[in-house]
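Commentary on secondary and tertiary structure
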Amino acid sequence: MDDRRTVKVSKYLSKHLRHQPERIGLTLDEAGWVEIDTLIAAAAAHGFRFTREELDHVVATNDKRRFAIEGTRIRASQGHSIDVNLGLPAATPPPYLYHGTVARNLESIRSEGLRPMHRHDVHLSADRETATRVGARRGRPVVLSVDAAAMHRDGHVFRVSANGVWLTQAVPPQYLRLP
Ligand code: HQG
């Protein structure tokens, strides 16, 4: 399976396991899971064919471990825009977390803090390198530090996805350190 094919299948999975399952007639359960056989059949019925072996390869080699398989089912580990309850327990964050963005968002972030925008939660990284990569998707990356310890002390809830992304509902501006 070449890299281009792997990325293509991965993007297809992201689209239908996070955002638009109905586009191929899929229904995810409330935690975001779907039977792998059902997914493969629905994709094929809508003109995109891939094998179980290809799916396993994508899941195993994905750079961000975006997908999780449990038994006969698969789900995206985070990043949904559709309503799912991942059932992740609340977790104690490290003292600082990081968020990668770009300069054009800073003014608004300075006044209203970080908001989940079209996703469920604000996504935060445990290290600056990862946050830099996240920001770089949109241009020259700018990395903000989040005083996660203070947020946690003040009652904000954090969860960590199966692939190590820290999630919280919003980050008010007073917890942010901007460049
Ligand atoms: C920005 C990818 C203005 C925020 C990545 C970001 C990540 C604001 C954008 C994951 C704002 C939202 C998530 C405010 C936030 N005013 N702009 N108040 N609050 N923003 O894609 O964090 O490849 O929803 O800075 O690697 O960039 O999909 O979030 O620029 O882990 O697996 O609004 O998506 O992973 O963009 O990325 P996104 P994100 P996957």
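The coordinates are above.
Residues numbered from 1 in each chain as written. Predicted model: local features only at pLDDT ≥ 70, side-chain atom pairs only at ≥ 80, totals over all residues. Heavy atoms only, no water.

What to know about the pattern of salt bridges
Scanning the entire structure with this criterion turns up five salt bridges. Put simply, glutamate 112 and arginine 115 hold a salt bridge, and the shortest N to O gap is 2.9 Å. A relative accessible area of 43% places arginine 115 in the partly exposed class. (Salt bridge = Lys/Arg side-chain N within 4 Å of Asp/Glu carboxyl O. Buried < 20%, exposed > 50% of the residue type's maximum accessible area, 1.4 Å probe, protein only.)

Here we look at the site of the ligand
Close contacts around the ligand come from 19 residues, with Arg18, Lys64, His99, Ser108 and Arg138 the closest. At 2.7 Å from an oxygen atom of the ligand is found a side-chain nitrogen or oxygen belonging to threonine 101. Protein coverage of the free-state accessible area of the ligand, which is 790 Å², stands at 90%. At the level of elements, strand E4 (96-102) and helix H4 (106-112) are the ones that each hand at least two residues to the shell around the ligand. Examining the composition of the shell around the ligand, we find that three residues originate from one element, H4, more than from any other. Its residues placed into classes, the shell around the ligand shows four nonpolar, seven polar and eight charged. (Near = heavy atom within 4 Å. Polar contact = N/O pair within 3.5 Å; in protein donor to acceptor, adjacent residues only side chain to side chain. Areas by Shrake-Rupley, 256 points an atom, 1.4 Å probe, with all protein chains shown as cover. Helix = DSSP H or I, 4+ residues; strand = E, 2+ residues; numbered from the N terminus. Nonpolar A, V, L, I, M, F, W, Y, C, P; charged D, E, K, R; others polar.)

Describing the packing of helix H1 (residues 3-19) against helix H3 (residues 52-61)
The axes of two packed helices give the description: the angle between them and the distance between them. At a minimum axis separation of 10 Å, H1 and H3 run at an interaxial angle of 90°. The pairing of H1 with H3 is recorded here as roughly perpendicular in orientation. Contact residues: H1 offers Arg5, Thr6, Val9, Ser10 and Leu13, while H3 offers Glu54, Leu55, His57, Val58 and Thr61. For the contact of H1 with H3, the per-class residue count stands at four nonpolar, four polar and two charged. (Axes fitted to C-alpha atoms, helices over the stretch in contact; angles between N-to-C directions. Parallel < 35°, antiparallel > 145°, perpendicular 65-115°, else oblique. Contact = heavy atoms within 4.5 Å.)

Comments concerning the pairing of strand E6 (residues 141-147)
The buried fraction of E6 amounts to five of the seven residues, a majority that puts the element mostly inside the structure. Where E4 lies against E6, seven bridges are found, and the strand directions are antiparallel. Bridge pairing links glycine 100 to valine 143 in E6. Bridge analysis of E6 against strand E9 (residues 176-177) gives two bridges, and the strand direction is antiparallel. (Pairing = 2+ DSSP bridges.)

Looking at the nonpolar core
The biggest cluster of nonpolar side chains holds 27 residues, and the ones touching the most others in it are Leu13, Leu17, Leu39, Phe50, Leu55, Phe67 and Ile74. Elements with a contribution of two residues or more to this core: H1, helix H2 (36-45), H3 and strand E3 (73-76). By residue number, the principal contributor to this core is H2, which donates five residues. Beyond its immediate stretch of four places on either side in the chain, isoleucine 74 contacts Leu17, Gly32, Trp33, Val34, Ile36, Leu39, Leu55, Val59, Phe67, Ala68 and Ile69. Leu114, Ala148, Met151 and Leu176 belong to the second largest nonpolar core, which has 18 residues in total. (Core = buried A, V, L, I, M, F, W, Y, C linked by side-chain atoms within 4.5 Å.)

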